[in-house]
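Here is what each chain is made of, one letter per residue.
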Amino acid sequence: MLNSLASGRRLALRLLLWQLFAALCVGLVFAVSSGLREAIAAGAGATVVALGTALLSARVFGRVSGAGIALGHFLTGMILKWMVIIGGMIAIMFQYKLPPLAAITGLVVAYAVNLLAFRFKG
């Protein structure tokens, strides 16, 4: 076996921490350049992605089970992740009326971290 469950948990935790760090960074960049509302929107957009990642990894790495059940956990985790991301973005843009461009920028930055975490998994 080349990949253990423990290394998957470590990678998920590392990804979550990097996404939260990216949320902080993109929020600070928008605070300096555009203002407080944009900073909150950008940070919230990236944080929504991190929350979705946390739900997915908690569902996938929660308990050890067979292959069919593990696939079911993965699929339900992905559905939960996308429900949180879409619901969070709707709340950010329509309920709280924060700037959509900043929120989408935060979302894109958090997903860019996703790509980098899997490329350099160390």
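A quick note: this is a predicted structure, and the numbers were derived from the prediction, not measured. (Residues numbered from 1 in each chain as written. Predicted model: local features only at pLDDT ≥ 70, side-chain atom pairs only at ≥ 80, totals over all residues. Heavy atoms only, no water.)

1. Topic: helix H4 (residues 100-119)
Each α-helix winds once per 3.6 residues, and so residues spaced three or four apart point in a common direction. Here H4 contains 20 residues, and its C-alpha end-to-end distance of 29 Å stays within 8% of the 28 Å for a straight helix at 1.5 Å per residue. Among all positions in H4, only Ala102, Ala103, Gly106, Leu107, Ala110, Val113, Asn114 and Ala117 are buried. The buried residues of H4 all sit within an arc of 145 degrees when viewed along its axis, so they share a single face. The exposed residues of H4 that point more than 90 degrees off its buried face are Leu101, Leu115 and Arg119. Against the buried residues of H4 lie helix H1 (5-33), helix H2 (36-60) and helix H3 (67-95). (Helix = DSSP H or I, 4+ residues; strand = E, 2+ residues; numbered from the N terminus. Expected span 1.5 Å × (residues − 1). Buried < 20%, exposed > 50% of the residue type's maximum accessible area, 1.4 Å probe, protein only. Arc of directions from axis to C-beta. Contact = heavy atoms within 4.5 Å.)

2. A few points about the packing of H2 against H4
At a minimum axis distance of 7 Å, the contact between H2 and H4 shows a crossing angle of 40 degrees. Taken together, H2 and H4 sit at an angle that is classed as oblique. With respect to the hand of their crossing, H2 and H4 are arranged in right-handed fashion. Contacts from Glu38, Ala41, Ala42, Gly45, Ala46 and Val49 of H2 reach H4 at Ala102, Ala103, Gly106, Leu107, Ala110 and Tyr111. In terms of residue class, the contact of H2 with H4 is made up of nine nonpolar, two polar and one charged. (Axes fitted to C-alpha atoms, helices over the stretch in contact; angles between N-to-C directions. Parallel < 35°, antiparallel > 145°, perpendicular 65-115°, else oblique. Left-handed = near helix turned anticlockwise from the far one by under 90°. Nonpolar A, V, L, I, M, F, W, Y, C, P; charged D, E, K, R; others polar.)

3. A few points about the packing of aromatic side chains
As enumerated under the stated definition, the model contains two aromatic pairs in all. Their ring planes at 85 degrees and their centres at 5.7 Å tell us that Trp18 and Phe21 sit as a pair that is edge-to-face. Of the two residues, Trp18 and Phe21 both sit in helix H1, three residues apart, roughly one turn of that helix. Taking the centre distance of 6.1 Å and the plane angle of 10 degrees together, the rings of Trp82 and Tyr111 count as stacked. A residue pair is termed long-range when its members are at least 10 positions apart, and Trp82 in helix H3 and Tyr111 in helix H4 qualify at 29 residues. Trp82 sits in the partly exposed class, given a relative accessible area of 39%. Note on Tyr111: relative accessible area 21%, which makes it partly exposed. (Phe/Tyr/Trp six-rings, centres within 6.5 Å; stacked < 30°, edge-to-face > 60°.)

4. Side note on a nonpolar patch on the surface
Taken together, the side chains of Leu51, Leu55, Ile79, Leu80 and Met83 define a hydrophobic patch exposed on the protein surface, amounting to about 460 Å² of accessible area. Every element with two or more residues in the nonpolar patch is listed here: H2 and H3. Ranked by residues supplied to the nonpolar patch, first place goes to H3 with three residues. Relative to the helices and strands, Met83 resides in helix H3. (Patch = residues over 30% accessible without salt bridge, like charges linked within 9 Å, V, L, I, M, F, W, Y side chains within 5 Å. Areas by Shrake-Rupley, 256 points an atom, 1.4 Å probe, with all protein chains shown as cover. Salt bridge = Lys/Arg side-chain N within 4 Å of Asp/Glu carboxyl O.)

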